[in-house]
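This is what each chain is made of:
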Amino acid sequence: MQIILQHVSVPRPAGEESAEVARKFYGELVGLEIKPVPDTITHLDLVWFKIGSETELHVFAEGNNDPVSTQHFCLNVGDVEAMREKLESAGYKTWNPDAIQGRPRFFCRDPFNNVVEFTQ
């Protein structure tokens, strides 16, 4: 099974002002292409960027108390349900965030309490 880094999420203050600062920094200065946020999670105050052809940067609003709004990275593991079963069998708790159409996924904390997202 090949595992690929799908995205990294970094925090910013909530609100449109900081979202615009993120767009200017990562989009205009760094040169990343802005990517539309899926309709099912626009309420999370996210700004997404493309990095190359497959990887993304998600800049999220800190402090909205949603499990998805935690600093994390995401791994594309090919078979998300097989990975979930493997982690749960080893005693790790998994949870489902808001759905994104066409992107099955779940979250899990690693042994050091870091959030990891898994997708396919």
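About the thresholds
- Residues numbered from 1 in each chain as written.
- Predicted model: local features only at pLDDT ≥ 70, side-chain atom pairs only at ≥ 80, totals over all residues.
- Heavy atoms only, no water.
- Phe/Tyr/Trp six-rings, centres within 6.5 Å; stacked < 30°, edge-to-face > 60°.
- Buried < 20%, exposed > 50% of the residue type's maximum accessible area, 1.4 Å probe, protein only.
- Helix = DSSP H or I, 4+ residues; strand = E, 2+ residues; numbered from the N terminus.
- Expected span 1.5 Å × (residues − 1).
- Arc of directions from axis to C-beta.
- Contact = heavy atoms within 4.5 Å.
- Pairing = 2+ DSSP bridges.

(A) Layout of the packing of aromatic side chains. Applying the stated rule across the entire model yields four aromatic pairs. Centre to centre, the rings of Phe25 and Tyr26 are 4.8 Å apart; their planes meet at 90°, and the pair counts as edge-to-face. Exposure remark for Tyr26: the relative accessible area of 24% places this residue in the partly exposed category. Between Phe106 and Phe118, the aromatic rings sit 5.1 Å apart at their centres with planes inclined by 20°, giving stacked as the arrangement. Pair noted here: Phe106 is in strand S7 (residues 105–109) and Phe118 is in strand S8 (residues 115–119), with a separation of 12 residues, a long-range link.

(B) Summary view of helix H1 (residues 16–29). Counted at 1.5 Å a residue, the expected span for H1 with its 14 residues is 20 Å, and the 18 Å between its end C-alpha atoms agrees. The complete set of buried residues in H1 reads Ser18, Ala19, Ala22 and Gly27. Seen along its axis, H1 keeps its buried residues to an arc of 140°; they face one direction. Exposed side of H1, more than 90 degrees from the buried face: Glu17, Val21, Glu28 and Leu29 are the residues found there. Buried positions along H1 lie against strand S1 (4–12), strand S3 (46–51) and strand S4 (55–61). Immediately beyond the C-terminal end of H1, within one or two residues, lies Gly31, with a positive phi of roughly 95°.

(C) Highlighting helix H2 (residues 80–89). Every buried residue of H2 is listed here: Val80, Met83, Arg84 and Leu87. End-on view of H2: buried residues confined to an arc of 100°, all on one side of the axis. Structural note: H2 exposes Glu85, Lys86 and Ser89 on the side pointing more than 90 degrees away from its buried face. Check the buried side of H2 and you find it contacts strand S6 (94–95), S7 and S8.

(D) Representation of the sheet that holds S6. Strand order in this open sheet of eight strands is S2-S3-S4-S1-S5-S8-S7-S6, and the pairing throughout is mixed. Only two strands of the sheet have a single neighbouring strand rather than two, namely strand S2 (33–35) and S6. As defined by bridge partners, S1 adjoins strand S5 (residues 72–76) across five bridges and the pair is classed as antiparallel. What sits directly across from His7, in S5, is Cys74.

(E) Looking closely at the environment of Glu62. For Glu62, the location among the structural elements is in the loop between S4 and S5. On a C-alpha basis, the gap between Glu62 and Pro13 in space is 5.5 Å, while along the polypeptide they are 49 residues apart. Non-local contacts of Glu62, meaning those with residues more than four positions away in its chain, are made with Pro11, Arg12 and Ala14.

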